[in-house]
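Here's the letter readout for the chains.
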Amino acid sequence: MHFFLRNFNTPALQLSCRMVSNYVNRMRHLSELKEDDEACRKALSSGTFLLFHDLLPLVQKIENKYTTPFVTATELKKLDLAERWTEESVLIGCTESLVPQFALDIGKSEQARAELLLKGKFLAFRKACTIIDRNDISLISQAQALLRWHSTHLYCSRTGKPTQKNASGSKRICGNDEIIYYPQMSPVVIMLVSDGARCLLARQKQFPPGMYSALAGFCNIGESVEDSVRREVAEEVGLQVTSLVYSASQHWPFPNSSLMIGYHAMVQPKQNKIQFDHSELQDARWFDATEVAEALKRKMPRKEEMVSFWIPPPWALAHHLIKEWTQKQ
């Protein structure tokens, strides 16, 4: 106890406490904006905005660095987006100093003008993720997913009547029956299967040439996550999982919003014959630690490059699982 009190005022502990306190303040501030339409509308004038065009993020190149810039309300007014700004923006976060952050899709008509004024380019989401800072991917992923959800939930599935977005975009409401819809994600399990000495990687027909990844599949209604892992491995490669360990999770925006839940799955070394489902997979095979370690060193190849074996980029959960397994070998 004396040690704790004596060291409470150390710079490291003070910084830690400030970070925790600031995080709590930010989360509570966001919660208030989500629930208070009037406060959220007022916050728009002092907020900053990530811009999209048909769900493609705006990317700027400054020297040799690519960024997804936040645009001020003043810059939006120059684009004559005042009406769309107030009606279609969605709240996605706030800075350490509690400046609210929004996302807005400007639509097709303003694309060229926005690119000229803001000195940027609207890029395909996958391409943007390969060139921007990894720390920016999470926020633009969240922003795009929320904008997409709103664009596909304009009508109530029960009454057929139009739904209305609240100011923050945290929900849509059917005024006819006061039915409330909240943004949702589909749970997906992604698992790296191992027999102890090797890991199993597979590829689908739509994968880029040479890319192999961990197995993945949607959870069925009524399943636990663990049951989903066992079922997917059995269905896709004909193996029985004997044990599994949770690793990490990640929001995945392709093709729609999913929550990827990552596991390491073990099978018996003597029961490791792969019988993959040809309707699901183009190939599945075992790789040893040396092969995987070499693949981890390779960068994502360009379209014109032919690489026989490479793995998903570092910002993907599959990469994390593969790297984690390799480090333990």
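Residues numbered from 1 in each chain as written. Predicted model: local features only at pLDDT ≥ 70, side-chain atom pairs only at ≥ 80, totals over all residues. Heavy atoms only, no water.

1. Points about the overall build of the chain
Here is step 1 of the chain: Across its full length, the chain holds 11 helices and 16 strands.
Here is step 2 of the chain: Its C-alpha atoms put the chain at 65 × 60 × 50 Å along the principal axes.
Here is step 3 of the chain: Taken over 329 residues, the chain has a buried fraction of 45%.
Here is step 4 of the chain: Taking the intrachain contacts of the chain between residues at least 6 apart in sequence as the baseline, contacts between residues at least 24 apart amount to 64%.
Here is step 5 of the chain: Total accessible area computed for the chain in this model is approximately 18800 Å², and 52% of it derives from carbon and sulfur atoms.
Here is step 6 of the chain: Both charge centroids of the chain, one from 40 positive and one from 36 negative side chains, sit 4 Å from each other. (Helix = DSSP H or I, 4+ residues; strand = E, 2+ residues; numbered from the N terminus. Buried < 20%, exposed > 50% of the residue type's maximum accessible area, 1.4 Å probe, protein only. Contact = heavy atoms within 4.5 Å. Areas by Shrake-Rupley, 256 points an atom, 1.4 Å probe, with all protein chains shown as cover. Lys, Arg positive; Asp, Glu negative; His and termini not counted. Charge placed at Lys NZ, Arg CZ, Asp CG, Glu CD.)

2. With respect to the pairing of strand E11 (residues 186–194)
Here is step 1 of the chain: Of all 9 residues making up E11, 7 are buried, and the element is well covered by its neighbours.
Here is step 2 of the chain: Of the pairings in the sheet, the one linking E11 to strand E13 (residues 215–218) comprises 4 bridges and is antiparallel in character. Bridged to Val188 within E13 is Phe218.
Here is step 3 of the chain: Of the strand pairs in this sheet, E11 and strand E12 (residues 198–203) are connected by 2 bridges, and their pairing is antiparallel. Counterpart to Val193 in the pairing with E12 is Leu200.
Here is step 4 of the chain: The hairpin turn running from E11 into E12, its antiparallel successor, is 3 residues long, and Gly196 in that turn takes a positive phi close to 110°. (Pairing = 2+ DSSP bridges.)

3. Re the layout of surface pockets
Here is step 1 of the chain: In this model, the second largest pocket occupies a volume close to 570 Å³.
Here is step 2 of the chain: Looking at the second largest pocket, it is lined by 21 residues, and the ones nearest its centre are Lys34, Leu91, Ile92, Gln142 and Leu146.
Here is step 3 of the chain: Going through the elements one at a time, helix H2 (11–35), strand E5 (90–94) and helix H8 (134–151) are the ones with two or more residues in the lining of the second largest pocket.
Here is step 4 of the chain: Among the residues forming the lining of the second largest pocket, the class breakdown is 10 nonpolar, 10 polar and 1 charged. (1 Å grid on protein atoms, 1.4 Å probe; cavity = no way out; pocket = protein on both sides within 12 Å on 5 of 7 lines; lining within 4 Å. Points joined across faces, edges and corners; volume = space filled by probe spheres on them. Nonpolar A, V, L, I, M, F, W, Y, C, P; charged D, E, K, R; others polar.)

4. Structural notes on the side chain of Arg172
Here is step 1 of the chain: Within the fold, Arg172 resides in strand E9 (residues 172–174).
Here is step 2 of the chain: Salt bridges are absent for the buried Arg172, whose nearest opposite-charge side chain, Glu88, sits at 9.0 Å.
Here is step 3 of the chain: Apart from residues no more than four positions distant in its own chain, Arg172 is found in contact with Trp149, His150, His153, Leu154, Thr163, Gln164, Lys165, Ile179, Ile180 and Tyr181. (Salt bridge = Lys/Arg side-chain N within 4 Å of Asp/Glu carboxyl O.)

5. Quick word on the pattern of salt bridges
Here is step 1 of the chain: Taken as a whole, this structure holds 10 salt bridges when the rule is applied.
Here is step 2 of the chain: Across the salt bridge formed by Lys121 and Glu115, the nearest N and O atoms sit 4.0 Å from each other.
Here is step 3 of the chain: Arg230 is the salt-bridge partner of Asp227, the closest N and O atoms lying 3.8 Å from each other. Of this pair, Asp227 and Arg230 both sit in helix H9 (residues 225–237), separated by 3 residues, roughly a single helical turn.
Here is step 4 of the chain: Counted as one network, the salt bridges with shared partners bring together Glu223, Arg231, Glu232 and Glu235.

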